[in-house]
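Below, each chain spelled out in residue letters.
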Amino acid sequence: MPRTTHRVAVSAQSRHAGRYSDPPLLVLASLADGPKHGHAMLEDIAKLSGARLGPGTLYGAIARLERDGLIAPLAPDERRRPYRLTTEGRRVLAAQLQTLKNLAQVGLRRLAI
Amino acid sequence: MRPWAARMIVHLYPKPWQRRYGAEFRALLEGQPISVWKFVQIIGWAFYERVLAVKDVRGALADIRGDVTYVLRSWRRAPVFALTLVVTVALGVATTAGIFSFADGFLFRPLPFPDAEQLFLVRDPDARPSALRASDVVALKQSGLRDFGFAEWSIRGGMSGDVIVGGQAIGALVYEVSPGFRATVALPLLAGRDFSSADHAADEPVPAWLAYRFWTREFDSDRQMLGQRLSIRRSTGAAEVVIVGILGPEVASFDLNNPPPDIVVPAVPVTDPGPNEFAFPMVRLPEGMSREQAEALIGSVLQTVAPGPGGTRNVQLRALREVQVAGGRPTARIFLLSALLVLLMCLINLTYLLITRSVARAAEVATRAALGASRSRIARLFLVEAALIATAGVVAGLLAGSALSGVIASRVPPLPTGPRNLSLVPVLFDGRVIGIGSVLGAVVVLAATAVPLWQATRLPFAQAIRGARTIGTLPKRASRVLLASELAVATVILISTLFIGSGIWRYLHQPLGFDVTDRYRVSITPGATEPLSALHMEQAADVLRRQPGVTAVGPFDLARAGELQIPGRSQTSEQLTASVATAGYREVWNVPVVAGRWFDSMEFRDSSPVAVVDSTFAAAAWPGSEPIGLELTVNDVSHRVVGVVAPRRSRLSAEPAGVAFVPGPHLEGGSLAVWAPRAAIPAVEAALSGSLPTIVPRAEIRLSPVTLASLFSRDIGEARFQAPVVAILGGLALLLAGVGVFGLVTFLIEQRRREIAIRLALGGQSVHVWRRLVVENAVIGTFGLGVGVACVGWVEPFLRANLFVPESSGVTAVVVSACALLVVVIAAAAIPAARATRVDPAAILRAE
């Protein structure tokens with residue numbers, strides 16, 4: 001197949017295709033299957049979404065979610081402190097994922113995939 | 001990340017955040033590496049948290065507004081001082097940004113094509129000039145290696161000519177690209193379209209892209225040029241092109257040996273190129289293939305489709321980026337080093353200016369503290385001033401830097417010096433350069449604020465409120481360190497500038513083996529029907545010789561004499577050649593005779609079997625022997641050497657080849673050289689114009705002055721480009737150093753007014769106090785000079801490695817620089833010291 005400029009240009013962007021990066025939602029999703037501390041969250045989020053959050057971004061999201069009452073700290077394990085989802089956090093996560101699901105279904109249908 | 005670094009990062013966050021998340025955040029940071037980008041993110045989040053932590057946002061904003069007003073008011077009270085602060089920053093930013101716009105492309109910026117690391121230039125290491133034959137490339141394209149996307153970018157001599165723009169003829173250099181060029185090298189187009197396969201045909205109008213610089217320079221960046229037709233006037237007739245695209249500013253050229261293009265057109269594929277046609281194709285390696293694998297694969301296919309006369313066919317792949325940037329990297333490194341030294345001088349001067357400012361504000365800051373202002377409140381005042389200086393300095397600096405970048409871009413030599421081509425990478429003043437310039441400006445201002453900020457927040461308040469003019473040891477010690485640093489940097493700059501400058505001067509003034517002053521080239525173009533014969537040339541030379549003021553007339557060029565043999569040597573080096581010298585050659589070029597004699601008129605007329613060699617030839621052909629009386633053979637005729645002349649340079653960037661001259665009877669070629677003062681040239685031209693039609697009907701003559709530039713156009717571009725830039729940067733840094741040294745010494749002496757007054761009051765003589773002050777500062781200065789000279793030992797190999805002049809002596813530069821700077825230090829100390837010792841001690845002590 002002949003190489004085209006279009007293909008070359010797209011290939012550079014395609015490395016980022018398929019990633020999803022909304023730090024608070026990713027943190028909520030990571031905590032959905034149980035409490036985790038910061039490092040475990042980073043690893044889990046990288047597996048979940050392909051996006052590797054920076055420590056500053058992660059703790060920015062954690063501080064915001066804790067202020068909003070969507071996650072809560074547990075007793076520290078040495079210097080690491082695990083976090084869990086609150087009931088409100090679980091409800092917000094479910095609502096956001098449902099919205100994403102609907103969006104994904106409509107989008108995929110329109111793309112005929 | 002190391003624990004101390006993690007601890008520092010956590011301190012960026014507000015205190016409540018640190019108490020709540022500090023320990024766990026540190027644990028997370030220590031468990032993983034942090035990239036620069038992640039570090040920037042952390043700073044952003046820390047700033048965000050700090051903003052959130054401010055409870056009374058409106059109050060905080062009002063406080064900051066108050067600080068801004070206070071700083072602006074203090075600037076209005078001392079406008080010259082404020083202007084000096086801003087100009088110092090602007091100077092550093094302008095120089096760095098302007099130079100960085102040139103150096104970035106050669107040193108840091110990737111090529112503007114996607115996956116550019118996969119692009120390679122294909123060469124034949126066994127061929128001369130290391131190029132594949134055009135027929136090889138045709139064969140490779142037709143082979144199974146189509147996925148490599150063989151692409152060619154070459155000058156299309158036949159299409160180049162004059163484009164008529166606004167009634168004026170403008171020379172335009174036309175390049176051509178092979179079919180599918182943009183599929184391999186995805187040249188960014190600013191506007192328009194790619195060439196289609198149908199465009200690669202011999203039809204007119206020829207679709208064309210305009211090069212960005214040509215478009216901006218000649219068409220004022222007019223996008224309406226798309227679709228317009230241009231007529232190119234060539235020697236073979238007019239050709240019409242239609243503009244279908246405009247190349248992006250990131251694109252310059254890919255041709256190492258010629259100037260960048262003005263117009264690019266699609267090449268018409270040639271299926272059967274001639275045996276003497278060469279090509280430098282580019283390829284894009286398929287994903288996963290290494291360079292070695294590609295070299296082996298292309299070589300083996302070439303061996304099959306176009307076998308060589310003997311042995312296997314080899315190819316060599318050179319990374320395209322390396323090919324593009326290698327020639328400009330040395331100049332870029334030197335420029336960037338000079339710019340960074342200028343920035344360093346700006347940092348030193350700014351630090352000293354801000355220290356003097358903090359000393360002047362000591363009492364006021366202490367009063368604020370005494371009235372309850374916290375340390376952070378005082379620090380904020382300094383930071384607000386730093387932010388205002390940085391903003392004003394960076395904006396002014398970027399504007400000036402943009403202008404400097406434009407000047408540099410306009411002066412980049414279009415032709416290479418040897419293999420060093422500076423026009424393959426464009427000079428871009430874009431967001432990247434603006435970002436770097438802004439960050440450097442902000443860093444310089446923040447760094448310069450650090451010392452006064454530290455001092456102000458730890459001020460001995462009671463002492464400051466009492467009005468003491470000296471405020472502790474830190475500013476004094478810092479000022480001494482600054483003085484020594486300033487002199488060390490100035491030493492490095494002065495020595496480097498002299499080193500580079502003397503190298504360039506020596507390069508441009510190296511012995512040529514002939515004179516060029518008051519020489520003119522007389523070009524004679526014959527009429528269409530009558531060719532120019534040797535007799536015509538002789539007659540024209542006679543006309544010239546008869547003109548008043550003409551010292552000598554001779555041939556402009558020399559013709560090759562034929563095959564050269566040196567008896568007793570089996571093989572003659574390719575560096576040794578034989579040329580035919582005709583009457584007037586030595587006289588018109590004033591060639592120095594080193595030994596023996598030059599030819600006489602009879603020998604010219606009879607083409608006698610005698611020869612004159614230059615000293616390079618003599619040393620290479622008969623090392624250690626006296627050449628006069630020895631024999632050499634030209635075209636199987638033995639010639640006896642009768643004289644030795646100085647070697648004649650044909651390149652400035654290469655050592656002269658050895659030449660043996662044999663006498664010839666007739667002037668040949670279409671050019672004569674005449675030696676006459678400029679005042680005589682109009683009369684000479686008039687006389688020749690009057691006489692020449694009787695000698696050669698309808699002949700045209702043109703007299704042009706012979707200059708270094710006209711003789712060595714491919715050798716002097718880089719030197720003439722480097723010299724003013726290095727001189728300006730060096731001069732700028734030295735001006736900053738001079739002002740800084742004078743200011744610092746004055747400040748240091750001013751700080752000791754009380755001590756001077758006590759010494760004078762106790763009976764000390766003015767001259768003794770003066771001498772002591774001068775000696776003390778000279779000692780600090782000498783220490784700085786010593787550090788500078790030691791640093792030169794470190795910089796010198798870098799300079800030697802990057803200069804295109806291979807040899808230059810640094811000893812003179814070191815001695816001259818050290819003496820000059822020592823004089824500056826002594827003069828800078830003598831004047832304020834004399835002023836300080838003329839004061840009335842009683843008045844000073846009463847005021848204290």
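Look up: the structure comes first, before these words.
Described below are features of the structure shown in this document. Because the structure is a prediction, the values reported are computed rather than measured.

Scanning chain B from terminus to terminus reveals 27 helices and 26 strands. Seen through its C-alpha atoms, chain B measures out along the principal axes to roughly 105 × 70 × 55 Å. Relative to its full complement of 848 residues, chain B shows a buried share of 48%. For chain B, the share of sequence-separated contacts (at least 6 apart) that also reach a separation of at least 24 residues comes to 81%. Put simply, chain B shows about 39000 Å² of open surface, and 59% of that area lies on carbon and sulfur atoms. If the 80 positive side-chain charges of chain B are averaged to one point and the 66 negative ones to another, these points end up 16 Å apart.

Helix and strand counts for chain A come out as five helices and two strands. When the helices and strands of chain A are read in sequence order from the N terminus, they spell out α-α-α-α-β-β-α. Evaluated residue by residue, chain A yields a buried proportion of 36% over its 113 residues. Taking as baseline every contact in chain A between residues at least 6 positions apart, the subset at least 24 positions apart corresponds to 46%. Of the accessible surface of chain A, which amounts to about 6800 Å², a share of 55% is contributed by carbon and sulfur atoms.

This part takes up the interface of chain A and chain B. Contacts between chain A and chain B engage 26 residues on the former and 30 residues on the latter. At the boundary of chain A with chain B, the tally comes to four salt bridges. For E30 of chain B, the salt bridge goes to R79 of chain A, with nearest N and O atoms at 3.1 Å. For the side of chain A that touches chain B, the elements supplying multiple residues, two or more each, are α1 (5-14), α3 (38-49) and α4 (55-67) of chain A. Its residues assigned to classes, the side of chain A that touches chain B comprises eleven nonpolar, eight polar and seven charged.

All names here are of chain B. Helix α5 (residues 79-107) packs onto helix α4 (residues 57-77) with a crossing angle of 110° between their chain directions and a minimal axis gap of 5 Å. Classed by the angle they form, the pair α4 and α5 counts as roughly perpendicular. Residues W75, R76 and R77 of α4 touch α5, and the partners they reach there are P79, A82 and V86. Of the residues belonging to the contact of α4 with α5, the class tally is four nonpolar, no polar and two charged.

Another aspect to go through is the nonpolar core. Residues and elements named next belong to chain B. Within the largest apolar cluster, 123 residues are counted, with the highest numbers of intra-cluster contacts made by F102, W589 and W598. Ranked by residue count, the leading element in this core is helix α11 (residues 329-360), at 17 residues. Not counting residues up to four positions away in its chain, the partners in contact with W589 are F514, D515, R519, P555, F556, R648, A673 and V706.

Moving on: the sheet that holds strand β13 (residues 282-284) of chain B. Residues and elements named next belong to chain B. Pairing in this open sheet of three strands is antiparallel, and the strands run β13-β1-β14 from one edge to the other. Two strands bound the open sheet, and with one partner strand each, they are β13 and β14 (316-319). Taking each pair of neighbouring strands and ignoring which way they run, the sheet shows an average axis angle of 40°. Pairing analysis gives three bridges linking strand β1 (residues 119-123) to β13, with the strands arranged antiparallel. Across the sheet, the residue bridging to L121 is M282, located in β13.

All names here are of chain B. Strand order in the open sheet formed by four strands is β16-β25-β15-β26, with antiparallel pairing between adjacent strands. Whereas interior strands pair on both sides, the edge strands pair on one side only; in this sheet they are β16 (552-555) and β26 (700-705). Mean inter-strand twist for the sheet, computed between neighbouring axes without regard to direction, equals 25°. Bridging between strand β15 (residues 519-525) and β26 involves six bridges; their strand directions are antiparallel. Its bridge partner being in β26, T525 is matched across the sheet by E700. Set on the sheet, helix α21 (residues 681-695) makes contact with β15 and β26; between it and β26 the angle comes to about 165°.

A word on the pattern of salt bridges. In this structure the tally under the stated criterion is 32 salt bridges over all chains. Across the pair R193 of chain B and D199 of chain B runs a salt bridge whose closest N-O atoms are separated by 2.7 Å. Assessed through its relative accessible area of 38%, R193 of chain B is described here as partly exposed. Judged by its relative accessible area of 11%, D199 of chain B falls in the buried class. Residue E218 of chain B is joined to R217 of chain B by a salt bridge in which the shortest nitrogen-to-oxygen separation is 3.0 Å. Owing to a relative accessible area of 22%, E218 of chain B belongs among the partly exposed residues under this scheme. Three or more residues joined by partner-sharing salt bridges are found here, namely E66 and R81 of chain A together with R20 and E24 of chain B.

What follows concerns the packing of helix α2 (residues 23-31) of chain A against helix α5 (residues 87-110) of chain A. Residues and elements named next belong to chain A. Look at α2 against α5: their axes get within 10 Å of each other, and the N-to-C directions meet at 115°. Compared by their axis directions, α2 and α5 come out roughly perpendicular. Once α2 is placed against α5, the crossing between them reads as left-handed. Counted together, L25, L28 and A29 of α2 and G89, V92, L93, Q96 and L100 of α5 form the full contact between these two elements.

Another aspect to go through is the state of the cysteines. All names here are of chain B. As enumerated under the stated definition, the model contains zero disulfides over all chains in all. Free cysteine C791: the closest other cysteine sulfur is in C346, separated by 19 Å. With relative accessibility at 30%, the residue C791 sits in the partly exposed group.

This paragraph deals with a nonpolar patch on the surface. Taken together, L97, L100 and L103 of chain A make up a surface patch of nonpolar side chains, about 260 Å² in accessible area. A relative accessible area of 39% places L97 of chain A in the partly exposed class.

Further remarks concern the packing of aromatic side chains. Under the criterion given, the structure shown has 30 aromatic pairs over all chains. A centroid spacing of 5.3 Å and a plane angle of 90° characterise the contact between W17 of chain B and F25 of chain B, whose relative ring orientation is edge-to-face. Each member of the pair, W17 of chain B as well as F25 of chain B, carries the same accessibility label: buried. Here the aromatic cluster, defined as three or more aromatic residues joined through ring pairs, consists of Y59 of chain A together with Y13, W17, Y21 and F25 of chain B. One residue, R521 of chain B, lies across the ring of F556 of chain B, its end atom 4.1 Å from the ring centre.

Cut-offs and rules
- Residues numbered from 1 in each chain as written.
- Chains lettered and ligands numbered in written order.
- Predicted model: local features only at pLDDT ≥ 70, side-chain atom pairs only at ≥ 80, totals over all residues.
- Heavy atoms only, no water.
- Helix = DSSP H or I, 4+ residues; strand = E, 2+ residues; numbered from the N terminus.
- Buried < 20%, exposed > 50% of the residue type's maximum accessible area, 1.4 Å probe, protein only.
- Contact = heavy atoms within 4.5 Å.
- Areas by Shrake-Rupley, 256 points an atom, 1.4 Å probe, with all protein chains shown as cover.
- Lys, Arg positive; Asp, Glu negative; His and termini not counted.
- Charge placed at Lys NZ, Arg CZ, Asp CG, Glu CD.
- Salt bridge = Lys/Arg side-chain N within 4 Å of Asp/Glu carboxyl O.
- Nonpolar A, V, L, I, M, F, W, Y, C, P; charged D, E, K, R; others polar.
- Axes fitted to C-alpha atoms, helices over the stretch in contact; angles between N-to-C directions.
- Parallel < 35°, antiparallel > 145°, perpendicular 65-115°, else oblique.
- Core = buried A, V, L, I, M, F, W, Y, C linked by side-chain atoms within 4.5 Å.
- Pairing = 2+ DSSP bridges.
- Left-handed = near helix turned anticlockwise from the far one by under 90°.
- Disulfide = S-S within 2.5 Å.
- Patch = residues over 30% accessible without salt bridge, like charges linked within 9 Å, V, L, I, M, F, W, Y side chains within 5 Å.
- Phe/Tyr/Trp six-rings, centres within 6.5 Å; stacked < 30°, edge-to-face > 60°.
- Lys NZ or Arg CZ within 6 Å of the ring centre and 35° of its normal.

Purely geometric numbers; function is a separate question.
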